[in-house]
Amino acid sequence: GDAPTTPGLPKPPHPAYTLRMVGFTLNGAAVEAEGGRSLLSYLRDEAGLTGAKRSCGEGACGACSVLVDGVLLTSCTIPLERIADKSIVTIEGIPGAEMDAYVRGFTEAGAVQCGFCTPGMVLAAKALLDRNSDPSPSEVRTALRRNLCRCTGYAKIVAGVLGAARERRRLV
């Protein structure tokens, strides 16, 4: 069962969060960090990478999305211990020329308003485009399905991803 709690004190950490050192690769650099927290907490509070946003805390909105070994995952739901020996890419780790493709595609389509969801949307796009350089609009919509935007309709975001795909193909 759950560990007993004392009124006024925080609940003990979930058993999945143990206090041990965890080694992984972050945006191409080997790092080691103390566990006992989520990947999102490490990224924002220790690594100073604020592209992944704190939002729902349940993995439902996509604002905290990162790539873990190339797979799009929500960093708010991942205990640091689960990424041992894995490769993590955040929005800050996308190389310059590739990032320029996303900036151009999203900007030309008018796909950015407040910007809160944009890092997660770009990482969802990257996960798709790394597998499929020329996706259909339907494939883009499927790839974005776990990322919420409260400002725009998704038509401009889909157009932005398709524009980014064209730009990325020109880089090759």
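See the structure above.
Residue positions are given per chain, counting from 1 as you read along its sequence in written order. Predicted model: local features are reported for residues with pLDDT of at least 70 only, side-chain atom pairs are reported and counted for 80 or more only, and whole-chain, interface and lining totals are derived from all residues. To get the side-chain values, take all heavy atoms of the structure and skip hydrogens and water.

S.K.: I'm lost on the overall build of the chain in this one. Help?
M.R.: Numbering of helices and strands runs from the N terminus; a helix is a DSSP stretch of H or I covering at least four residues, while a strand is a stretch of E covering at least two. Scanning the chain from terminus to terminus reveals five helices and five strands. Ordering the α and β elements of the chain from the N terminus gives β-β-α-β-β-β-α-α-α-α. Partitioning the intrachain contacts of the chain with sequence separation of at least 6 by distance along the chain shows that 56% fall at a separation of at least 24. To be clear on the numbers: accessible area is Shrake-Rupley with a 1.4 Å probe, and residue cover counts the displayed protein chains and nothing else. Summed over its atoms, the accessible surface of the chain is roughly 9200 Å², and 52% of this surface lies on carbon and sulfur atoms. By definition, residues are in contact when any of their heavy atoms lie within 4.5 Å.

S.K.: What's the story with the environment of leucine 128 in this structure? I'm lost.
M.R.: Following the sequence through the fold, leucine 128 ends up in helix 3 (residues 118–131). Throughout, exposure labels follow a simple rule: accessible area from a 1.4 Å probe, protein chains only, divided by the maximum for the residue type, with under 20% read as buried, over 50% as exposed, and the rest as partly exposed. Leucine 128 gets classed as buried once you look at its relative accessible area, which sits at 5%. Separated by 56 residues in sequence, leucine 128 and leucine 72 place their C-alpha atoms 9.1 Å apart. Not counting chain neighbours up to four residues away, the residues in contact with leucine 128 comprise Pro135, Glu139, Val140 and Ala143.

S.K.: What should I look at first to understand the sheet that holds strand 3 (residues 65–68) in this one?
M.R.: Hydrogen bonds between backbone groups are what pair the strands of a sheet, and the pairing can be parallel or antiparallel. Across the sheet, which stays open at both edges, the five strands sit in the order 2-1-5-3-4 with mixed pairing between neighbours. Strand pairing shows two members of the sheet lacking a second neighbour, strand 2 (29–34) and strand 4 (71–74), which therefore form its edges. Within the sheet, the average angular offset between the axes of one strand and its neighbour, ignoring direction, is 40°. Helix 1 (residues 39–46) rests against strand 1 (21–26), strand 2, strand 3 and strand 5 (87–89) of the sheet, and its axis sits at about 75° to strand 1. Against the sheet, helix 3 makes contact with strand 3, strand 4 and strand 5, and its axis sits at roughly 30° relative to strand 3, the strand it touches most. Pairing between two strands requires that DSSP report at least two bridges joining them. To get an axis, a line is fitted to the C-alpha atoms, and for a helix only the part in contact is used. The angle between two axes follows their N-to-C directions and goes from 0 to 180 degrees.

S.K.: Help me understand the nonpolar core in this model?
M.R.: A general trend in soluble globular proteins is that nonpolar side chains are found buried together. Core analysis: the biggest nonpolar cluster contains 27 residues, and Tyr102, Phe106, Met121, Val140, Leu144 and Ile157 have the highest contact counts within it. Top element by residues in this core is helix 3. It accounts for eight residues. With residues up to four places along the chain from it excluded, the contact list for valine 140 reads Leu128, Pro135, Val158, Val161 and Leu162. By size, the runner-up hydrophobic cluster in this structure holds 18 residues, among which are Tyr42, Ala52, Ile78 and Leu80. The definition of a nonpolar core used throughout is a set of buried Ala, Val, Leu, Ile, Met, Phe, Trp, Tyr and Cys residues joined through side-chain atoms within 4.5 Å.

S.K.: What am I meant to see in the environment of serine 75 here?
M.R.: The topology assignment puts serine 75 in the loop between strand 4 and strand 5. In this structure serine 75 comes out as buried when scored by relative accessible area, which is 0%. For the pair serine 75 and arginine 54, spaced 21 residues apart in the sequence, the C-alpha separation amounts to 9.4 Å. Ignoring any residue separated from it by four or fewer positions in sequence, one finds serine 75 in contact with Ser38, Leu39, Leu40, Leu43, Ala52, Cys64 and Val66.

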